[in-house]
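Chain and residue survey
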Amino acid sequence: MTRYFTILLISMGLLATGASNSASAKPPTVVVSVAPVRALVAAVMQGIAEPTLLLRPGASPHDYRMRPSEARMLENAALVIWVGPELEGFLVKPITVLGASAQVLTLLDDPSITVLSGRSGGIWGAGETHSESRDPHIWLRPANAARILETVAATLGKLDPENRPRYHMNAARAVLEVGALEAEIGDLLAPVRDMPYIVFHDAYQYFEKTFRLNAKGALAVDPGRPPGARRLRELKQRIAAEQIGCVFREPDFKPATLAAVIEGTGAQIAELDPMGQVSGNLQAYASLIRNLARNLKSCLAP
Ligand SMILES: [Zn+2]
């Protein structure tokens, strides 16, 4: 009798330990470099945990300086997700130092994601120019967002097998929503497809190609540096000569010189934000894409 009870208690104990393990297994700590990718990762992790955004709100990844507190965030992560050296140059060294402590997912190296070559010279006449670098603004192609969702789900599923079905289910649902979003935006932008415009920096190639838009150039040749006086003079001539209706600035770049560039040309200034909100999940990604489309359309529509 005593023996029977002992065995029973031991097996109950084992069951209890097993049960508490599966209930309390902590999902991995995930750090994501930039806001649009964070939104996609948050969609995959929905109902499980929240990923942490590395970059401060409003900061550009092209010329970022990391704080010590942000370096510690990286050290404590189980998974770091970034686009790649062409976008977050500041992360190249810290990621090498991370070594074995964290898994790193470099999206630009993922074979399922369509990666375009970088354009040079502010994209004027980009048909003739070649660049060996990769254009890192991959999330602005909705089909790439779908591949990011899937690759993130696969990576998280390996790190956290217990939540694997949930990651995959979340990703599958989000992929469908991204497909619907792409169709919606295609319809919205169809009437302004041929209208010429210029942007602040050459971040929108993926968006332009997806929706077959008519971007003519970028103000800044180097996204880390505002255009100089000579380039601004040249731009003004081009805006007039090519009858460009809209010049799009970005939230972190609102130079007074821009007014002088369009003066007397008939062009208008409007804004495009390639990064979007710093919180939220798939809705934050959808808002980023919708806002780009709406801002383009409201300026370009005749
Ligand atoms: Zn950029």
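Here, the structure is the one placed above.
Points about the coordination of the zinc ion
Only His62 (NE2), His137 (NE2) and His201 (NE2) from the protein reach the zinc ion as donors, at distances of 1.9 to 2.1 Å. Each donor residue of the zinc ion lies on the same chain, and together they follow the pattern H-x74-H-x63-H. Here the residue His137 occupies a position in the loop between β4 (103-106) and α5 (142-159), and His201 occupies one in the loop between β5 (196-199) and α7 (205-211), the gap between them amounting to 64 residues. When sorted by exposure, His137 lands in the same class as His201, which is buried.

Some thoughts on the sheet that holds strand β6 (residues 214-218)
The strand order β6-β5-β7-β8 describes an open sheet built from four strands, whose pairing is parallel. Among the strands making up the open sheet, the edge pair consists of β6 and β8 (268-271). Pairs of neighbouring strands in the sheet enclose a mean axial angle of 30 degrees, with direction left out of account. Judged from the two bridges that link them, β5 and strand β7 (residues 246-249) form a sheet pairing that is parallel. Bridging from a neighbouring strand, Ile198 pairs with Val247 of β7. Against the sheet, helix α10 (residues 282-300) makes contact with β5, β7 and β8, and its axis sits at roughly 150 degrees relative to β7, the strand it touches most.

Focus on helix α8 (residues 229-241)
For α8, spanning 13 residues, the distance from its first C-alpha to its last is 19 Å, which sits close to the expected 18 Å at 1.5 Å a residue. Those residues of α8 that fall on the buried side of the exposure criterion are Arg231, Leu232, Leu235 and Ile239. Taken down its axis, α8 places every buried residue within 95 degrees of arc, on the same side. Among the exposed residues of α8, those pointing more than 90 degrees away from its buried face are Ala229, Arg230, Arg233, Gln237 and Ala241. Once α8 ends, the next one or two residues include Gln243, with phi positive near 50 degrees.

Re the pattern of salt bridges
Here the structure, examined in full by the defined rule, presents 10 salt bridges. Between Glu86 and Arg134 there is a salt bridge, and its shortest N-O distance comes to 2.9 Å. One end of the pair, Glu86, is in the loop between β3 (79-82) and α4 (92-98); the other, Arg134, is in the loop between β4 and α5, with 48 residues separating them in the sequence. Taking the relative accessible area as the measure of exposure, Glu86 reaches 29% and is therefore partly exposed. For Arg134, a relative accessible area of 25% gives the class partly exposed. With a closest N to O distance of 2.7 Å, Glu184 and Arg290 form a salt bridge. Of this pair, Glu184 sits in helix α6 (residues 164-189) while Arg290 sits in helix α10, and the two are 106 residues apart along the sequence. Ionic contacts of the salt-bridge type, sharing partners, join the residues Glu86, Asp109 and Arg134 into one network.

Observations concerning the nonpolar core
The tendency in soluble globular proteins is for nonpolar side chains to be buried side by side. Counting residues in hydrophobic clusters, the biggest one holds 75 residues, and the most contacted among them are Ile81, Phe207 and Tyr285. Residue contributions to this core peak at 11 residues, all from α10. Two domains share this core, each providing at least three of its residues, namely domain 1 (27-185) and domain 2 (188-300). If sequence neighbours within four positions are ignored, Phe207 has contacts with Leu140, Ile185, Leu189, Leu213, Ile289, Leu292, Ala293 and Leu296. Residues Ala220, Leu235, Ile244 and Ala267 belong to the second largest nonpolar core, which totals 14 residues.

Considering the packing of α6 against α10
Running from N to C, α6 and α10 point in directions that differ by 5 degrees, and their axes come no closer than 10 Å. If you check the angle between α6 and α10, you find them roughly parallel. Judged by residue contacts, Ala174, Glu177, Val178, Leu181, Glu184, Ile185, Leu188 and Leu189 of α6 engage Leu282, Gln283, Tyr285, Ala286, Ile289, Arg290, Ala293, Arg294, Leu296 and Lys297 from α10. Classifying every residue of the contact of α6 with α10 gives 12 nonpolar, one polar and five charged.

Cut-offs and rules
- Residues numbered from 1 in each chain as written.
- Predicted model: local features only at pLDDT ≥ 70, side-chain atom pairs only at ≥ 80, totals over all residues.
- Heavy atoms only, no water.
- Donors = N, O, S within 2.8 Å, 3.2 Å for Na, K, Ca; no water.
- Helix = DSSP H or I, 4+ residues; strand = E, 2+ residues; numbered from the N terminus.
- Buried < 20%, exposed > 50% of the residue type's maximum accessible area, 1.4 Å probe, protein only.
- Pairing = 2+ DSSP bridges.
- Axes fitted to C-alpha atoms, helices over the stretch in contact; angles between N-to-C directions.
- Contact = heavy atoms within 4.5 Å.
- Expected span 1.5 Å × (residues − 1).
- Arc of directions from axis to C-beta.
- Salt bridge = Lys/Arg side-chain N within 4 Å of Asp/Glu carboxyl O.
- Core = buried A, V, L, I, M, F, W, Y, C linked by side-chain atoms within 4.5 Å.
- Domains from an automatic or database assignment.
- Parallel < 35°, antiparallel > 145°, perpendicular 65-115°, else oblique.
- Nonpolar A, V, L, I, M, F, W, Y, C, P; charged D, E, K, R; others polar.

On their own, these measurements won't tell you what the molecule is for.
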